[in-house]
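Remarks on the overall topology
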Amino acid sequence: MTDSSPDHPETRLRFDAVTLARGDRVLAEGLTFQVGPGDAALVRGPNGVGKTTLLRALAGFLTPAAGDLVLEIDRAAAAPEDAAAYVGHADGLRSTETPRAHLAFVAAWRGGDRGAIVSALETFGLLALADAPARRLSAGQKRRTALARLLVAPRPLWLLDEPASPLDLAGRAILSDVVTEHRRRGGLVVAAVHDDPGWPDTRAIDLPSAAAA
Amino acid sequence: MNAARALFARECAAAWAGGGGAASSATFFLAAAALTAFAVGPSADLLAAAAPGALMIAFTFAAMLGLEHLFQNDLDSGALDELALGPLPLTAVAAVKILARAAAALWPAALVAPIAAVLLGLDGAAALVSGVACLAAAPALVAAGAAPAALAAGRPRGALLIAVVSPPFRAPTVIFAAGAIRAAAIGTDPTAPLFLLAASALASLVVGAAGAAAALRLHLE
């Protein structure tokens, strides 16, 4: 990978006795963990245990039912919109939108670098499809486009919800390279996974199944 | 500011890419105005009396076409997550989306409002005021349906919810806009109702955007 972006600022994420709930149903209680520069944490657990809820709480989309969730950049509290990039189950592409238009919008919307669009498309092997509307793309190609957002509008904390599931082997290898490069530059990754993505030196956050309601 | 401009451009592109969002409201509006002329009958006096109200009714219903999709695409595609992580608060996101929809889908209909006005027997001055009134009314009419559209996104019969909930919020816009056209039609000064229309449109935009943002937050959880 050729990446001339500067290193990420020192970013830390701390969970202190966090309880996650959907409505009245408690999903996980007493979650405590920390991730710092270069760390990759894999959130694991059976379906419906709250992996997505955990990632959405980290993105600031919902508030934990209890406990503290602290995001710091250079030892000062940071807002999720400054620190986090989120790639969820849905790829965020409209059916008429092309990968190039999508990345151009994300660059303008999140204060990214328009110059990085072509190299991000290239990294994810999308150059030939850059001007095809999303409805013509396969699930894997759409996911590659969504992951390319991470390179166009860089943020230190990547929140990835089963990022590899629609990807082919080549796509998984690209994702692994991109994640490794991100971590080398001091970035953090928190990813919900079922299969081991094969990234080196990861930590596990195991969500307990069937927490008491 | 860059972010707001990018979002506005994205929304306009989406409205036009969807296959004639603008053409369908303009066509619907003209057709409704022409049919009103037939329905009211050959009496010129009767038609002139009914014209300002009929024009605004037609424009209001044109504004409701496809409104249930205002937030649906972003919710279905997951783009709402990306919008929530942007630099603007969700209220501003909703306001930009409302304005973009008014501009891309309804202002073309407002531009043909003078033609519709002439079809309904109004004279030149009143026809011109119709255009201005429709331009000003467009954001307010979208805003009135924004919160129900956000609430209804992802649920069946969203259009019904909009049709049931939004009419009271459209009333001030319809009253002031028709008042301005009527004032011009009878040869009095339409400025006062036009200013009232602009003020109520601004208020609708603020309230509608805040309501839509509250509903969008529920979807984010």
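Positions within a chain are numbered from 1, following the residues in the order the chain's sequence is written. For this description, chains carry letters from A and ligands carry numbers from 1, given in the order in which they are written. Note on the predicted model: pLDDT of at least 70 is required for a residue's local features to be given, and 80 or more for side-chain atom pairs to be given and counted; whole-chain, interface and lining totals, by contrast, use all residues. Excluded from the side-chain calculation are hydrogens and water; included are all heavy atoms of the structure.

What about the overall build of chain B?
Secondary structure elements are defined from DSSP: runs of H or I of at least 4 residues count as helices, runs of E of at least 2 residues count as strands, and each element is numbered from the N terminus. The helix and strand tally for chain B stands at eleven helices and zero strands. In sequence order, chain B lays out its α and β elements as α-α-α-α-α-α-α-α-α-α-α. The globule rule used for comparison is 2.2 Å times the number of residues to the exponent 0.38, while the radius of gyration itself is calculated over C-alpha atoms. Here the C-alpha atoms of chain B give a radius of gyration of 18 Å, agreeing with the 17 Å that 2.2 N^0.38 yields for 221 residues. By principal-axis analysis of the C-alpha atoms, chain B measures approximately 55 × 30 × 30 Å. In chain B, which comprises 221 residues, the proportion classed as buried is 50%. Only heavy atoms enter the contact rule, under which two residues are in contact if any of them lie within 4.5 Å. For chain B, the share of sequence-separated contacts (at least 6 apart) that also reach a separation of at least 24 residues comes to 83%. Think of it this way: Lys and Arg go in the positive column, Asp and Glu in the negative one, and His and the chain ends go nowhere. Where a charge lies is defined by one atom per residue type, namely NZ (Lys), CZ (Arg), CG (Asp) and CD (Glu). Between the centroid of the 9 positive side chains of chain B and the centroid of its 10 negative side chains there is a distance of 4 Å. Burial classes follow relative accessibility: with a 1.4 Å probe on protein chains only, a residue under 20% of its type's maximum area counts as buried, one over 50% as exposed, and anything between as partly exposed.

Quick notes on empty space enclosed by the protein
Buriedness of a pocket was judged along seven lines, with at least five required to meet protein on both sides within 12 Å; pockets are open sets of points on a 1 Å grid over the protein atoms alone, cavities are sets where a 1.4 Å probe fits but cannot get out, and lining residues have an atom within 4 Å of a point. Grid points are joined across faces, edges and corners, and a volume is the space filled by probe spheres set on the points. For the structure on display, the rule yields four cavities of 30 Å³ or more. What lines the largest cavity is Ala 85, Tyr 86, Val 87, Val 106, Arg 110, Arg 149, Leu 150 and Ala 153 of chain A together with Glu 82 of chain B. Taken together, the elements giving at least two residues each to the lining of the largest cavity come down to strand 6 (84–87) and helix 5 (139–152) of chain A. With three residues, the single largest contributor to the lining of the largest cavity is strand 6 of chain A. A breakdown of the residues in the lining of the largest cavity according to their chemical character gives six nonpolar, no polar and three charged. Forming the walls of the second largest cavity are Tyr 86, Gly 88, Ala 90, Gly 92 and Arg 149 of chain A together with Gly 78, Ala 79, Asp 81 and Glu 82 of chain B. It is helix 5 (residues 79–84) of chain B that provides the largest number of residues to the lining of the second largest cavity, a total of three residues. Residue polarity follows a fixed list, in which Ala, Val, Leu, Ile, Met, Phe, Trp, Tyr, Cys and Pro are nonpolar, Asp, Glu, Lys and Arg are charged, and the others, Gly among them, are polar. Looking at the lining of the second largest cavity, its residues break down into three nonpolar, three polar and three charged.

A closer look at the packing of aromatic side chains
All names here are of chain A. Paired rings are identified among Phe, Tyr and Trp, the last through its six-membered ring, by centres lying within 6.5 Å, and are further divided according to the angle between planes into stacked (under 30 degrees), edge-to-face (over 60) and tilted (the rest). For the structure on display, the rule yields four aromatic pairs over all chains. Pairing Phe 15 with Phe 33 gives two aromatic rings, centres 4.5 Å apart and planes at 20 degrees, and the pair type is stacked. Here Phe 15, found in strand 1 (residues 11–22), pairs with Phe 33, found in strand 2 (residues 25–35); they are 18 residues apart in sequence, far enough to count as distant. Accessibility assignment for this pair places Phe 15 and Phe 33 in one class, buried.

Examining the interface of chain A and chain B
In this complex, chain A contributes 22 residues to the contact, which on the side of chain B involves 25 residues. A simple way to read buried area is as the amount of 1.4 Å-probe accessible surface that goes missing from two parts once joined, with both sides added. Summing the contributions of chain A and of chain B, the shared interface buries around 2000 Å²; its carbon and sulfur component is 60%. Of all residues in chain A, Phe 61, Arg 94 and Trp 109 of chain A give up the largest surface area on contact with chain B, accounting jointly for 41% of the area buried on that side. What makes a salt bridge here is a side-chain nitrogen of Lys or Arg within 4 Å of a carboxyl oxygen of Asp or Glu, nothing more. Arg 94 of chain A serves as the salt-bridge partner of Asp 74 of chain B, at 3.0 Å between the closest nitrogen and oxygen.

Examining the pattern of salt bridges
Taken as a whole and assessed by the stated rule, the structure comprises 17 salt bridges over all chains. Of the charged contacts in the structure, one is a salt bridge between Asp 81 of chain B and Arg 56 of chain A, with a shortest N-O distance of 2.8 Å. Of this pair, Asp 81 of chain B sits in helix 5 while Arg 56 of chain A sits in helix 1 (residues 51–58), placing the two residues on different chains. Across the pair, exposure class does not vary: Asp 81 of chain B and Arg 56 of chain A are buried alike. For Arg 149 of chain A, the salt bridge is made with Glu 82 of chain B, and the minimal N-O distance between the two is 3.3 Å. A residue pair is termed interchain when its members come from two chains, as with Arg 149 of chain A in helix 5 and Glu 82 of chain B in helix 5. Here the two residues Arg 149 of chain A and Glu 82 of chain B agree in accessibility, since each one is buried. Counted as one network, the salt bridges with shared partners bring together Arg 94 of chain A together with Arg 10, Glu 11, Asp 74 and Lys 97 of chain B.

Description of the sheet that holds strand 7 (residues 157–161) of chain A
All names here are of chain A. DSSP-based pairing: two strands are paired if at least 2 bridges between them are found. The strand order 6-7-8-3-9 describes an open sheet built from five strands, whose pairing is parallel. Single-partner strands in this sheet number two, and they are strand 6 and strand 9 (203–206). Geometrically, the sheet is characterised by an average inter-axis angle of 15 degrees between neighbouring strands, direction not taken into account. Examined bridge by bridge, strand 3 (residues 40–44) and strand 8 (residues 188–192) share four bridges and lie parallel to one another. Its bridge partner being in strand 8, Leu 42 is matched across the sheet by Ala 191. Angles shown run from 0 to 180 degrees and are taken between the N-to-C directions of axes, each axis being a line fitted to C-alpha atoms and, for helices, limited to the stretch in contact. Packing of helix 1 onto the sheet brings it into contact with strand 3, strand 6, strand 7 and strand 8, and relative to strand 7 it is tilted by some 155 degrees. Along the sheet, helix 6 (residues 169–184) contacts strand 3, strand 7 and strand 8; its crossing angle with strand 8, the most-contacted strand, is approximately 145 degrees.

Re unusual backbone geometry
Residue and element names in this part refer to chain A. Even without being a glycine, Ala 17 presents a positive backbone phi close to 50 degrees. Phi angles above zero are rare outside glycine, and Arg 75 is one such case at about 70 degrees. Residue placement: Arg 75 occurs in the loop between strand 4 (66–73) and strand 5 (76–77).

Here we look at the packing of helix 8 (residues 124–152) of chain B against helix 11 (residues 191–220) of chain B
Residue and element names in this part refer to chain B. For the pair helix 8 and helix 11, interaxial distance at closest approach is 7 Å and the crossing angle is 20 degrees. The orientation of helix 8 with respect to helix 11, classified from their angle, is roughly parallel. Between helix 8 and helix 11 lies a crossing whose hand is left-handed. Residues Val 132, Ala 133, Ala 136, Ala 137, Ala 140, Ala 143, Ala 146, Ala 147, Ala 150 and Leu 151 of helix 8 touch helix 11, and the partners they reach there are Leu 194, Leu 197, Ala 201, Ser 204, Leu 205, Gly 208, Gly 211, Ala 212, Ala 215, Leu 216 and His 219. For the contact of helix 8 with helix 11, a count of residues per class yields 17 nonpolar, four polar and no charged. Roughly parallel means an angle under 35 degrees; roughly antiparallel means over 145; roughly perpendicular covers 65 to 115; every other angle is labelled oblique. Crossing handedness is defined as follows: a turn of the near helix away from the far one that is anticlockwise and smaller than a right angle gives a left-handed crossing, while the clockwise case is right-handed.

Some details on the pairing of strand 8 of chain A
Residues and elements named next belong to chain A. With five of five residues buried, strand 8 lies mostly within the body of the structure. Neither face of strand 8 is exposed, since Leu 188, Val 190 and Ala 192 on one face and Val 189 and Ala 191 on the opposite face are all buried. Across five bridges, strand 7 lies against strand 8 in parallel orientation. The partner of Trp 158 across the bridge, within strand 8, is Val 189. Once the chain exits strand 7 it traverses helix 6 before rejoining the sheet at strand 8, and the crossover so formed is right-handed. Note on handedness: a clockwise path from strand one over the helix to strand two, with the strands aimed away from the viewer, defines a right-handed crossover.

Describing the nonpolar core
Leu 159 and Val 190 of chain A together with Phe 29, Met 56, Phe 59 and Phe 71 of chain B are the most contacted members of the largest nonpolar core, which totals 103 residues. At 13 residues, the largest contribution of residues to this core is made by helix 8 of chain B. Those residues in contact with Met 56 of chain B, other than ones at most four positions away along the chain, are Cys 134, Ala 137, Val 174, Ala 177, Ala 178 and Ile 181 of chain B. We define a nonpolar core as any set of buried Ala, Val, Leu, Ile, Met, Phe, Trp, Tyr and Cys residues linked to one another through side-chain atoms lying within 4.5 Å. Listed in part, the 31 residues of the second largest apolar core include Leu 103, Val 152, Leu 167 and Leu 175 of chain A.

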